[in-house]
Amino acid sequence: MRLSRLTAFIGIATLSLSTGPAVAQSGLSFDAYLQLLIARARAEGVSEATIQRMTAGLEPNYRVIELDRSQPGTPTRSGFPALAPYIATHVDDARITGGRRAYASYQGRIRAIEQAYGVPGEIITAIWGHETAYGAVKGGFDLSQALATLAWEGRRRDLFATEWVDLMKVADKGYSRSDLKGSWAGAFGNPQFLPSVYLRLAADGDGDGRADIMNNGSDALASIANYFRDAGWRRGEPWGVRAYVPSGFDPSAYRTKITAPVCERVHERHSVYKTVAEWRALGVQPQRPLGDNVQATIFQPDGAGTPAWLLTSNYRVILEYNCSNYYAMSVGLLADEIAR
């Protein structure tokens, strides 16, 4: 599963809240369940020293359970909020200025990362900006406590038990418990990776032999680039470009009839894929260079008379990071501003 944030699987039906259960769904106390997690971590090779320091004084965090249970349930089909207001607040002067500053600060590293992974520096910088405001807001939950609590509570036990054990493996690489803080749902570091994603895709961006996504910007940028390469980013192809749509053109007439296996409501808003040459023949004109043979989908999120885009398969790679058209569009547009 490719996820840094938990948005693709967090939208499960809301359950009633309580002040905190005495026992979890399994009937085990937290301490008893923690021993099961510890036994699994030992069996998977985690050192005793790491287990001891990562579990000392561990108690359940009922705020984490409350936050998990308060996530929205299945979305309604009553329409979509306009994109323009979201872009206005998420591609603002602060994020653009911060992105340009971060890009300039890491320019040498970014060039090397671009060469190694084939992902544009402005894209990985924009992800960094959206995830943690370029490292300023990484989350303050003790990850060992948060993940153990979610595993014990039991609603998604297999998922969070695995993430807790993987967190122990991350800690076993020499990271302190104070380093391993993040969101209530287990994402951490500058790129907000889950522990399982860290183990699979975290990369050393400065050649020091470590992939410290918590404290090292070069490692964070290389790790995001590695994530994008793994998700299928096509070197040399843009995420999308603004497009001119002729009067009377109705993108909905070309909407895809394929039901996506995940994030259905996100993908149902996109048209079928056609080559840019085929779109040109229908009167749709890209406003920046885009090869005639590139496959693209037309997206006009706010309806007739509003901006439209031709989106390439690289847009879908951004969706792998966070399956939301609002997120993906804001990342792409922020990247364009950073690159100006």
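Quantities reported herein were computed from a predicted structural model and do not represent experimental measurements.

J.: Is there a simple way to think about the overall build of the protein chain in this case?
T.: Tallying secondary structure elements over the protein chain gives 15 helices and seven strands in all. What you see for the protein chain is a C-alpha radius of gyration of 22 Å, in line with the 20 Å of a compact globule of 340 residues. Referenced to the eigenvectors of the C-alpha coordinate spread, the extents of the protein chain come out at roughly 65 × 45 × 35 Å. Going through the 340 residues of the protein chain one by one, you find that 52% of them count as buried. Of the contacts formed within the protein chain by residues at least 6 apart in sequence, a portion of 74% connects residues at least 24 apart. For the protein chain, the computed accessible surface area is about 14,900 Å², with 51% contributed by carbon and sulfur atoms.

J.: Where do I start with helix 14 (residues 313–321) in this structure?
T.: Two residues of an α-helix separated by three or four positions point the same way, owing to the 3.6 residues in each turn. Taken together, the buried positions of helix 14 are occupied by N314, Y315, V317, I318, L319 and Y321. Summarising the contacts, the buried residues of helix 14 are in contact with helix 7 (121–132), helix 11 (217–230), helix 12 (264–267), strand 6 (295–299), strand 7 (308–311) and helix 15 (325–339). The N-cap residue of helix 14 is T312: its side-chain oxygen and the backbone nitrogen of N314 are 3.1 Å apart.

J.: In this structure, what is going on with the side chain of H130? I would like to understand it.
T.: Checked against the element boundaries, H130 lands in helix 7. A relative accessible area of 9% places H130 in the buried class.

J.: When you look at the nonpolar core in this model, what are you seeing that I'm missing?
T.: Formed by 87 residues in total, the largest nonpolar core has its most connected members in W164, L180, F228, W239, I318 and M329. Here this core gets nine residues from one element, more than from any other, and that element is helix 15. Those residues within four positions of M329 in sequence are excluded, and the remaining contacts are L83, I87, W239, F299, W309, L311 and Y315. Core analysis: the next-biggest nonpolar cluster, separate from the first, contains 13 residues, V276, V284, A296 and L310 among them.

J.: For this particular structure, what's the right way to read the state of the cysteines?
T.: When the sulfur atoms of two cysteines share a covalent bond, that bond is a disulfide. On inspection of all chains with the given rule, the structure shows one disulfide. Between the sulfur atoms of C263 and its disulfide mate C323 the distance is 2.3 Å. Separated by 60 residues along the polypeptide, C263 in the loop between strand 3 (240–244) and helix 12 and C323 in the loop between helix 14 and helix 15 bring together distant segments of the chain. Of the residues examined, C323 reaches a relative accessible area of 18% and is grouped as buried.

J.: For this particular structure, what's the right way to read helix 1 (residues 30–43)?
T.: Across its 14 residues, helix 1 extends 20 Å between first and last C-alpha, which sits within 8% of the 20 Å expected from 1.5 Å per residue. Along helix 1, the residues that are buried comprise F30, Y33, L34, L37, I38 and A41. Looking straight down helix 1, one finds its buried side chains confined to an arc of 150 degrees; they lie on one side. Looking at the buried side of helix 1, the elements it contacts are helix 2 (48–55), helix 8 (143–153) and helix 9 (157–171).

J.: What should I look at first to understand the packing of aromatic side chains in this one?
T.: By convention here, two paired aromatic rings are described through the distance between centres and the angle between planes. The final tally for this structure, using the stated rule, is 17 aromatic pairs. A ring pair is formed by F188 and Y198, whose centres lie 6.0 Å apart and whose planes are at 40 degrees; its orientation type is tilted. Here Y198 lies in helix 10 (residues 195–201) and F188 lies in the loop between strand 2 (181–182) and helix 10, a separation of 10 residues in the sequence. Here F188 falls in the buried class, since its relative accessible area comes to 0%. Centroid distance F249 to W279: 6.5 Å. Interplanar angle 75 degrees. Geometry classified as edge-to-face. Note that F249 is positioned in the loop between strand 3 and helix 12 and W279 in helix 13 (residues 276–281), a separation of 30 residues in sequence. For the pair shown, F249 and W279 are each scored as buried. Ring pairing ties together the aromatic residues F193, Y227, F228, W233 and Y321, which thus form one cluster.

Calculation notes
- The numbering scheme is per chain: residues are counted from 1 as the chain's sequence reads.
- Side-chain atom pairs in this predicted model are given and counted only at pLDDT of 80 or more, local residue features only at pLDDT of at least 70, and totals for whole chains, interfaces and linings cover all residues.
- Values shown for side chains rest on all heavy atoms present in the structure; no hydrogens or waters enter the calculation.
- Each helix is a run of DSSP H or I of at least 4 residues and each strand a run of E of at least 2, with the numbering of both proceeding from the N terminus.
- This radius of gyration counts C-alpha atoms alone. The globule rule is 2.2 Å times how many residues there are, raised to the power 0.38.
- Buried means the residue's accessible area, taken with a 1.4 Å probe over protein chains only, is under 20% of the maximum for its type, while exposed means over 50%, and partly exposed covers the values in between.
- Residue contacts are counted whenever heavy atoms from the two residues lie within 4.5 Å of one another.
- Under the convention used here, a 1.4 Å probe and the Shrake-Rupley method define accessible areas, while residue burial counts only the protein chains that appear.
- Counted as a polar contact is a pair of N or O atoms within 3.5 Å, where, for protein atoms, one must be capable of donating a hydrogen and the other of accepting one, and residues adjacent in sequence contribute only when both atoms are in side chains.
- For our purposes a nonpolar core is just a set of buried Ala, Val, Leu, Ile, Met, Phe, Trp, Tyr and Cys residues, chained together by side-chain atoms within 4.5 Å.
- When the sulfur atoms of two cysteines come within 2.5 Å, that pair is taken as a disulfide.
- Any helix carries an expected span of 1.5 Å times its number of residues minus one.
- In this description, one arc is meant: the one made by directions from the helix axis to the C-beta atoms.
- Put simply, two rings from Phe, Tyr or Trp (the six-membered ring, in Trp's case) pair if the centres are within 6.5 Å, and we call them stacked under 30 degrees between planes, edge-to-face over 60, tilted for the rest.

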